[in-house]
Amino acid sequence: MQGRLSSCLVKHGLIHRSLGFDYQGIETLQIKPEDWHSIAVILYVYGYNYLRSQCAYDVAPGGLLASVYHLTRIEYGIDQPEEVCIKIFVTRKNPRIPSIFWVWKSADFQEKESYDMLGIYYDNHPRLRRILMPESWIGWPLRKDYIAPNFYEIQDAH
């Protein structure tokens, strides 16, 4: 079953895959990484002016990584804002997704956190760097195949 947004994207020839609806009735769409930036701009123009959240997760050990965007269409005089969830899957060998920082500035720290914890590179992000782990940290701690080091250095723990 396609939702309103999915039908609109099909009408305009934009490639995506409908993943159905969640328990709240929010439509979930899968977008290819190479199509994400242009579809993000179209969604913004269409009225999805608020990036509620961005997160990422490891689908399975050795499998795909996912970047998830929750967008909201907020308009004056509407009691119930329209929401959509966008999922973008990438391989571990080339985990690259176009950054949508230039569309929604609130993606700044959220994309940095996804990079820091899972190693997803957001192309054209102006300041993509680690924000939770030290710059010298090796590996991506939230990947399911991550092997934790057998030492932990606690600095200034008095």
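Quick caveat, the model's predicted, so the values are computed rather than measured. (Residues numbered from 1 in each chain as written. Predicted model: local features only at pLDDT ≥ 70, side-chain atom pairs only at ≥ 80, totals over all residues. Heavy atoms only, no water.)

## Concerning the side chain of Ser 99
Structurally, Ser 99 can be placed in the loop between β6 (96-98) and α3 (107-118). Since its relative accessible area comes to 2%, Ser 99 is described here as buried. Beyond its immediate stretch of four places on either side in the chain, Ser 99 contacts His 37, Glu 111, Tyr 122, Asp 123, Asn 124 and His 125. (Helix = DSSP H or I, 4+ residues; strand = E, 2+ residues; numbered from the N terminus. Buried < 20%, exposed > 50% of the residue type's maximum accessible area, 1.4 Å probe, protein only. Contact = heavy atoms within 4.5 Å.)

## Re the sheet that holds strand β2 (residues 27-30)
Read from one edge to the other, the open sheet built from five strands follows the order β1-β2-β5-β4-β3, with strand pairing classed as mixed. Lying at the two open borders of the sheet, with one neighbouring strand each, are β1 (17-21) and β3 (50-58). Each neighbouring strand pair of the sheet contributes to a mean axis angle of 20°, computed without reference to strand direction. Direction of pairing for β3 relative to strand β4 (residues 65-73): antiparallel, over a ladder of eight bridges. Looking at β4, one finds that Asp 58 is bridged to Leu 65. α3 contacts β3 and β4 of the sheet and is inclined by roughly 0° relative to β3. (Pairing = 2+ DSSP bridges. Axes fitted to C-alpha atoms, helices over the stretch in contact; angles between N-to-C directions.)

## A few points about the pairing of β4
With respect to burial, β4 is a largely interior element, nine of its nine residues being buried. Neither face of β4 is left uncovered, since the one carrying Leu 65, Ser 67, Tyr 69, Leu 71 and Arg 73 and the one carrying Ala 66, Val 68, His 70 and Thr 72 both have all their residues buried. Counting the residues between successive antiparallel strands, the hairpin from β3 to β4 contains six residues, one of them, Gly 62, with a positive phi of roughly 75°.

## Observations concerning the UniProt feature "domain: NADH:ubiquinone oxidoreductase 30kDa subunit" (unreviewed entry) in the protein chain
Residues annotated in UniProt with the feature "domain: NADH:ubiquinone oxidoreductase 30kDa subunit" (unreviewed entry) correspond here to residues 30-148. In the segment residues 30-148, helix accounts for 22% and strand for 29%; the C-alpha atoms at its two ends are 31 Å apart. (UniProt positions renumbered as here; feature names shortened; annotations may be inferred.)

## Some remarks on helix α2 (residues 33-46)
In this model, α2 (14 residues) spans 20 Å end to end at C-alpha, consistent with the 20 Å of a helix rising 1.5 Å per residue. At Ile 39, α2 shows its maximal kink, close to 25°. Within α2 the residues assigned to the buried category are Pro 33, Trp 36, Ile 39, Ala 40 and Leu 43. Of the residues flanking the end of α2, it is Gly 47, one or two places downstream, whose phi is positive at about 120°. (Expected span 1.5 Å × (residues − 1). Bend = angle between axes of the 7 residues up to and from the residue.)

## Some details on the side chain of Thr 28
Take Thr 28: it is sitting in strand β2. Residue contacts for Thr 28: discarding those within four places in its chain leaves Arg 17, Ser 18, Leu 19, Gly 20, Cys 85 and Lys 87.

## Focus: the pattern of salt bridges
For the coordinates displayed, the defined rule picks out eight salt bridges. Between Asp 145 and Arg 92 there is a salt bridge; the shortest N-O distance is 3.0 Å. Taken together, the residues Asp 145 in the segment after β7 (121-123) and Arg 92 in the loop between β5 (82-90) and β6 connect sequence positions 53 residues apart. Connected through salt bridges with shared partners, the residues Asp 58, Arg 92 and Asp 145 form a single ionic network. (Salt bridge = Lys/Arg side-chain N within 4 Å of Asp/Glu carboxyl O.)

## What about the pairing of β5?
Along any regular strand the residues' side chains alternate between the sheet's two faces. One ladder, built from four bridges, connects β2 with β5; its direction is parallel. Each residue of the ladder has a partner; that of Glu 27, found in β5, is Val 84.

## Quick word on the packing of aromatic side chains
Tallying each qualifying case throughout the model produces seven aromatic pairs. With centroids separated by 6.0 Å and ring planes inclined at 70°, the aromatic side chains of Tyr 44 and Trp 104 adopt a geometry described as edge-to-face. Placement of Tyr 44 in helix α2 and of Trp 104 in the loop between β6 and α3 is noted, with a sequence separation of 60 residues between them. Through a chain of ring-to-ring contacts, the aromatic side chains of Tyr 115, Tyr 121 and Trp 140 assemble into a single cluster. Over the ring of Phe 109 we find Lys 112, and its NZ or CZ is 4.5 Å from the ring centre. (Phe/Tyr/Trp six-rings, centres within 6.5 Å; stacked < 30°, edge-to-face > 60°. Lys NZ or Arg CZ within 6 Å of the ring centre and 35° of its normal.)

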